[in-house]
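Chain and residue survey
Here is how the chains run, residue by residue.
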Amino acid sequence: GGAISLGIHTILFLKLYSYKDVNLWCRELSTVKAKKLARSLSCPSPQHFKGGEQKVCYPGNLTIKDIYYFVFAPTLCYELNFPRSPKIRIHFLLRRLFEMLFFIQLLVGLTQQWMVPIIQSSMKPLKDMDLSRMTERLLRLAVPNHLLWLMFFYSFFHSSMNFTAELLRFGDRQFYNDWWNSETVTYFWQNWNIPVHKWCLRHFYKPLLRKGFSKIVSQSAVFFLSAFFHEYLVSVPLRMFRLWAFTGMMAQLPLAWFVGHFLRGNYGNAAVWMSIIIGQPFAVLMYVHDYYVMHYGNEAE
């Protein structure tokens with residue numbers, strides 16, 4: 001419950017930040033203070049209008065209806081005129097709803113019946129620092145963890161976001177690209193979560209470049225921001241500060257450099273998949289172990 005609440009408020013924060021930025025850019029454009037801004041598509045001028053289409057220009061977008069539509073739309077980047085689909089497809093909507101309900105039940109069931117027993121049996125090897133048994137538990141946990149992660153990805157980025165988009169007649173359905181074909185770590189992070197990538201690119205990475213920072217520094221700052229939010233969404237609900245998620249995200253920087261310079265093609269793709277399959281269950285085990293020791297260590301003794 002805590003993680004869901006923090007996730008919702010984090011999404012709302014990113015949306016409102018984008019809303020503030022875009023309206024600031026439009027206000028600057030309307031007062032002819034920043035004609036060279038490359039973000040004018042966010043505030044379209046008449047030459048971008050198509051015949052017969054009704055478009056909104058700043059400040060006509062500053063309405064309660066407009067901001068509430070953006071809050072519920074499956075995107076983090078604000079636009080004055082979002083692409084809209086012509087109608088709601090009931091059959092498509094019902095399929096996505098069925099997938100959401102089915103995968104929620106499947107995720108809960110597999111977590112209880114498959115992951116939890118493995119995690120519980122991992123506590124003693126972790127406590128005894130038995131390296132061989134710890135490795136065996138990690139590999140056992142990697143299979144269900146990865147399967148659940150893939151199902152979560154499909155249910156969230158495909159089923160639930162398409163369901164919301166269809167309900168709101170939201171036209172931009174590019175929520176992910178072919179991240180499974182990633183031959184570099186950078187390509188993976190650019191394509192597995194398009195809404196977050198677009199927000200980081202538009203509101204964080206490019207502003208840093210315009211302020212004179214190098215690409216390496218700007219990319220590192222983006223990973224640092226992502227690492228902060230990953231840790232925030234885990235540590236606060238668990239009420240413990242361990243930095244496993246933060247460290248895992250920051251470790252992507254040297255991994256990206258290594259894969260980009262020394263691995264190509266299928267080898268690079270294999271390295272990306274291995275980092276996902278092994279890295280996630282390792283972080284899960286560390287958090288569960290620390291939580292177990294903090295709350296149940298005395299009882300076990």
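What counts, and where the lines are drawn
Residues numbered from 1 in each chain as written. Predicted model: local features only at pLDDT ≥ 70, side-chain atom pairs only at ≥ 80, totals over all residues. Heavy atoms only, no water. UniProt positions renumbered as here; feature names shortened; annotations may be inferred. Helix = DSSP H or I, 4+ residues; strand = E, 2+ residues; numbered from the N terminus. Buried < 20%, exposed > 50% of the residue type's maximum accessible area, 1.4 Å probe, protein only. Contact = heavy atoms within 4.5 Å. Core = buried A, V, L, I, M, F, W, Y, C linked by side-chain atoms within 4.5 Å. Polar contact = N/O pair within 3.5 Å; in protein donor to acceptor, adjacent residues only side chain to side chain. Arc of directions from axis to C-beta.

The protein appears in an unreviewed UniProt entry as Diacylglycerol O-acyltransferase 1 from Ilyodon furcidens. UniProt, in its Subcellular location (unreviewed entry) section for the protein, records the words "Endoplasmic reticulum membrane". The UniProt entry for the protein carries this comment under Sequence similarities (unreviewed entry): "Belongs to the membrane-bound acyltransferase family. Sterol o-acyltransferase subfamily."

Per the secondary structure count, the protein includes 11 helices and 0 strands. When the elements of the protein are put in sequence order from the N terminus, they spell out α-α-α-α-α-α-α-α-α-α-α. C-alpha extents for the protein along the principal axes are approximately 70 × 50 × 40 Å. Residues classed as buried in the protein amount to 38% of the 301 residues present.

The next subject is the environment of Ile277. Along the chain, the position of Ile277 falls in helix 11 (residues 265-300). Sequence separation between Ile277 and Val143 is 134 residues, and the spatial gap between their C-alpha atoms is 7.6 Å. Excluding residues that lie within four positions of it along the chain, Ile277 makes contacts with Ala142 and His146.

According to UniProt, the feature "transmembrane region" (unreviewed entry) maps to residues 97-119, 212-229, 241-263 and 270-288 in the numbering used here. Helix and strand shares over residues 97-119 are 100% and 0% respectively, and the end C-alpha atoms of the span are 31 Å apart. Counting secondary structure, residues 212-229 comes out at 83% helix and 0% strand; the distance between its end C-alpha atoms is 25 Å.

All right, on to the nonpolar core then. Ranked by internal contacts, the top residues of the largest apolar core, which has 27 residues, are Tyr78, Phe188 and Trp192. Broken down by secondary-structure element, the contributors of at least two residues to this core are helix 1 (2-30), helix 2 (64-72), helix 5 (131-168), helix 6 (185-191), helix 10 (252-262) and helix 11. The biggest single contributor to this core is helix 5, with 5 residues. When residues no more than four places from it in sequence are discounted, the contact partners of Tyr78 are Ser18, Tyr19, Val22, Asn23, Asn61, Asp66, Phe70 and Arg202. With 14 residues, the next largest nonpolar core counts Phe103, Ile118, Leu138 and Leu285 among its residues.

With that out of the way, let us pick up the side chain of Asn191. As for its placement among the helices and strands, Asn191 is situated in helix 6. Separated by 2.7 Å, the side chain of Asn191 and the backbone oxygen of Tyr187 make a polar contact. Among all residues touching Asn191, those that are not within four sequence positions of it are Tyr176, Asn177 and Trp179.

Our next topic: helix 10. Among the residues making up helix 10, those that are buried are Gln252, Ala256 and Val259. Mapping the buried residues of helix 10 onto a view down its axis gives an arc of 75°, with all of them on the same face. Opposite the packed face of helix 10, turned more than 90 degrees from it, sit the exposed residues Pro254, His261 and Phe262.

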